[in-house]
Structures are given as structure tokens and as C-alpha cells.
Amino acid sequence: MNERTYQVRTYGCQMNVHDSERLAGLLEDAGYQQASADSTADVVVLNTCAVRENADNKLYGNLGHLASVKAKTPGMQIAVGGCLAQKDRSEIVRRAPWVDVVFGTHNVASLPVLLERARVEQEAQVEIAEALEVFPSNLPSKRESPYAAWVAVSVGCNNTCTFCIVPALRGRERDRRPGDVLAEVEALVAEGVVEVTLLGQNVNAYGVEFGDRFAFGKLLRAVGAVDGLERVRFTSPHPRDFTDDVIAAMAETQAVMPQLHMPLQSGSDRVLRAMRRSYRQERYLGIVEKVRAALPEAAITTDIIVGFPGETEADFEQTLHVVREARFASAFTFQYSKRPGTPAADMDDQVPPEVVKERYQRLTALVEDIAWQENQRLVGHDVEVLVAEGEGRKDGQTRRWSGRARDNRLVHFAVPDDTAEAQVPRPGDMVTVGVTYAAPHHLVADSARQGGTFEVRRTRAGDAYERLSGTAPSTPGVLIGMPTVGVPPASEGSGGAGVSCAVSTEVAPVHR
Ligand code: SF4
């Protein structure tokens, strides 16, 4: 145990959250300890995002602040990883010479060695790999949650959306063998996990590397059949690759949740063409219709970019039209911002910022209005909630707990005041409650205070939460042997054991 402490700060998408769990796992395996929230860590790792222009400003702003902290903290080291490191490489140490290590998206595992080398040689270490060295899922991980887990099924992307820099930084799609994914899920369930989210930049293109167009549907069924696993989600699918077998797998596999996050980006065929998104409005709405027919209770969410170069008022109207037709439960909405190095950044007809802003306001107002109407339809219904930690900022004041319903809606629910200690739900447990109020972005279920439904089902996940949030030391990550990337042996490809993008969804920077 080298007694040095670490902190990992995560920017960007779920794939970065997944990678940060590996970075923390690698450092703990190397003997580092997680720094407490109020202390200055010996090692600060910034796991960066490059999706939008201001990502650069954010990185160099943070590095500027860290320079003064480092000056006051002998032996402190700063490491920069993730997509911006993969893009900027030695430029980072040129602009911020107090940085000790720069590593990329393909060589996450190198971090501990590079830190040691920088310390011994008193020289910054910049090491960027051009292709994936080790599938991140194979690395030890320190997961955020004992009851829910991210499971990567692929990394990289074969698409070339003109606004996106991900393929340039994460490379072409590499698929994990179905057997490796299943082994990881089984190991996680054995640890108490009840919910997994299958992750890929383009999750439903899974299998493209080993030539099986229907691999993702098969994987959903196989993962859903793992004993003890209650909830399966996936993110993000691409509408072009969304095949009927996936909808059938969602409808016919009990553990696959009635929830779909499918980026639209624009409702205009002309803009979709300029984005090189290789589907059009009709196909998108067709998928929504089929999903609704197979899973009437499904919550569908999306990503939308406003103000893409050349977008006219008529194009924007098409986006509003799709929002009205699709009736999204919520949407991540973005004002287009140039990303240097992408084709769209050099396109003519960049839309003036004030026009983008005005359209953005109209779009978010419509999305919010429809989301609220959709939530109001659930008032009076019972919902099963996976109790979560840290999902209810006001829970302390409102004396409510929070968690996610099967359709991933956020639910704040009351617990009867006279509930015995042993009956108080823990993160990881399941509760069934009645919805009594709907807000645009969440549901309130005070049925327990109104003599209505309140059932607690204590789960192995709740036990795991209690065990791990107690004194039990953090266990090293799930080691399941060396997964290989590429074509699996025949048995798996053909229904053996095997038998998501646009991860442009920005998560608030998470200090880990
Ligand atoms: S937006 Fe998504 S699908 Fe398109 S290139 Fe980027 S990661 Fe791939």
C-alpha cells in the first residue's frame, strides 16, 4: 500500500464514467487510496471529453487552477486522459508544463506505470496509443454503485456524423465477445448487482465486427436471462441499426426495461443528410411507433442538436414536428457548437448564435411541456422503484427517498414515518409505490402517506449496499480473465453463449 491518495474527475459521457471506474480500480490495485472529498489528493486524474468546443477551455481552466494547488502540495501529480488527451497529446504539457502524465482512450491501463515513471524520472510522460490495447472492461474497476453497473459491449464507432469527433478519438468499433459480456454480468450479479446498462457508442451495431447483424438482440435476451438480474438497459442505439429483432427482444425479455434512449439529433431530412446520420424522419418515427406497439408503457428519450449549420426555420419546424409525434419522456437538447476537426465546423451557413438560442428555447419549452403531460398520465398508477443513492437533492427536507422506475423515470417517494428501521428501504432495494404528483422531470409518490401502496422488497443489491457502505474495504474489480476483441469462436457467434452513441450526453463532472 503506497498510502498515496487519488481523485478521478470525469467529464463527458457514460463511456468516460465507465473508464473512470477502471482508472480508480487500476490505482487502487496499485495501492493508491481514494482521497476523501475534503482533502487534496496526491494524484488528480482528469478524464476528459472532447465533444464540444468549450471542452478545451474547461480542461485548461481546470489545469490552471490545479497549478496553484500543486505548487502548495509536495509530490502532487496531475494526469490527463480521455478524448481531449487523445486529441491534444503533447500539446497539453506544452500549454500546462505542470502536468505529469498524458494518456489516451486506448491505453487506460498505462496510468499507474506512467505515474511511477514520471515520479522517478521527474519528467512528464506522454503516451498515446493509436489502437485499443486492452478492452477496458478487462481492467480492475472501482464501481460507483454496488447495485447498478455499466457493462461495455463495444468501444469506438464506424459512423462519421459530421458534428462528431468520437470516431477520430475512440477509433473504429471493436466488439467484445458475447461470452465475455455474459461472464462480466454474471460476476456482477454474484456481487449483488440487480441492474446493468449495456454501453456502446453505437450499442445496437454490436456484432458488426464479427459479422452478426442480430448479435445485439441475442445479447439482450442472453443478458436478460441471467439469474438474479432484474433490470437491463442499454445506451446509445443508432436509429439506422435499430432492427425489429431488438424490439422483439425488448418486448419478450422480462428483465429488459421499457425504456429507450435513441438520439434523433434533427427532425429534418435535409439536416440529417448534412449530419451524415443515414436515417430520415420517417424511419425514426417508424421505430418509435413499433416500440410503442410492442411496449406501450415504454419511455422514449432522445438527444437533439439545434442550429446545425444550414438549418432553416423550416428544418427546425421538422424537429418540432418529430418531438410532437414521438412524445419523448425527456430529451437532452444542445445548441450546436463547432468542434474543430469535424466536417461541420468548416461548413458554410453557420447559424447565428441568437437564432440558435431562440430556437433552443422554443424546443426546450415544447419538450418540457410534452414530458410533463406524459408524466401526468402516470398519476394514480403504481410503479416499482429501484432505490438509488444521491438521486434526490431535496430528499432530506422532503423526507423522501428516490430512485428509478422501470421506465427510468426519476421517482421521489415517501416512507411512512412509523416504518421500522429494518423496513426502511436501502439503495438497491425495490419499492412499489403509487404516483401522487407529476412534475416535468420527475414523479412524486406519496401514496405511503395517503394510505396507498407502499411495499418494500429487500434485495441482494440492498444487502450489497449495506455491506459496502459499511466498513467492508472496497473489493478489487471483477477480474474475469482476458477478454479478446474481434471475431469470437464459431460456437458463440451462432447463438452459443452469446447467443450503446452519440454519447453526446454530458454528465456533470463527477469527482471520484
Ligand atoms: S454521433 Fe455517435 S454515431 Fe455519430 S459518429 Fe459520433 S459516436 Fe458515432
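Residues numbered from 1 in each chain as written. Predicted model: local features only at pLDDT ≥ 70, side-chain atom pairs only at ≥ 80, totals over all residues. Heavy atoms only, no water.

(A) Summary view of the domain arrangement of the protein. We note that the domain assignment places domain 1 (5-133 + 490-508), domain 2 (137-376) and domain 3 (382-469) within the protein. Relative placement of domain 2 and domain 3: their C-alpha centres are 27 Å apart. Together domain 2 and domain 3 conceal approximately 2100 Å² of surface at their shared face, both sides included; 51% is due to carbon and sulfur atoms. Counting across the interface, domain 2 meets domain 3 through two salt bridges. As a salt-bridge pair, Glu-384 and Arg-231 come within 3.3 Å of each other at their nearest N and O atoms. In this assembly, domain 2 and domain 3 are joined by 16 residue pairs in polar contact (both at pLDDT 80 or more). Broken down by secondary-structure element, the contributors of at least two residues to the side of domain 2 that touches domain 3 are β11 (231-235) and α13 (353-376). Examining the composition of the side of domain 2 that touches domain 3, we find that six residues originate from one element, α13, more than from any other. (Domains from an automatic or database assignment. Buried area = accessible area lost by both parts, 1.4 Å probe. Salt bridge = Lys/Arg side-chain N within 4 Å of Asp/Glu carboxyl O. Polar contact = N/O pair within 3.5 Å; in protein donor to acceptor, adjacent residues only side chain to side chain. Helix = DSSP H or I, 4+ residues; strand = E, 2+ residues; numbered from the N terminus.)

(B) Spatial organisation of the sheet that holds strand β16 (residues 400-405). Pairing is mixed across the open sheet formed by seven strands, whose spatial order is β19-β20-β17-β16-β15-β18-β21. Across the chains shown, the open sheet's two edge strands, defined by having one partner strand only, are β19 (437-438) and β21 (454-457). The pairing of β19 with strand β20 (residues 443-445) spans two bridges and is antiparallel. Among the inter-strand pairings, Tyr-437 is bridged to a residue of β20, identified as Val-444. (Pairing = 2+ DSSP bridges.)

(C) Highlighting the nonpolar core. Val-196, Leu-198, Leu-220, Val-223 and Phe-242 are the most contacted members of the largest nonpolar core, which has 66 residues in total. Counting residues per element, this core draws most heavily on helix α8 (residues 215-224), at six residues. Judged by nonpolar contacts, the second largest core, of 27 residues, contains Met-76, Ile-78, Ala-85 and Ala-96. (Core = buried A, V, L, I, M, F, W, Y, C linked by side-chain atoms within 4.5 Å. Buried < 20%, exposed > 50% of the residue type's maximum accessible area, 1.4 Å probe, protein only.)

(D) Representation of the confidence of the model for the protein. When pLDDT is averaged along the protein, the result is 90; 91% of the residues meet or exceed 70. Here residues 473-500 scores under 50 on pLDDT; set against residues more than four positions off or in separate chains, the count is 68 contacts. With pLDDT under 50 throughout, residues 502-512 is counted as low confidence; its partners more than four residues away or in other chains account for 49 contacts. (pLDDT = per-residue confidence, 0-100. Contact = heavy atoms within 4.5 Å.)

(E) Representation of the pattern of salt bridges in the model. Counted under the stated rule, the structure contains 39 salt bridges. Between Arg-327 and Glu-374 there is a salt bridge whose closest N-O contact spans 2.7 Å. Of this pair, Arg-327 sits in the loop between α12 (313-326) and β14 (330-335) while Glu-374 sits in helix α13, and the two are 47 residues apart along the sequence. Overall, the relative accessible area of 9% leaves Glu-374 in the buried class. What emerges from the salt-bridge pattern is a single network uniting Glu-195, Glu-230, Arg-231, Arg-233, Glu-384 and Arg-457.

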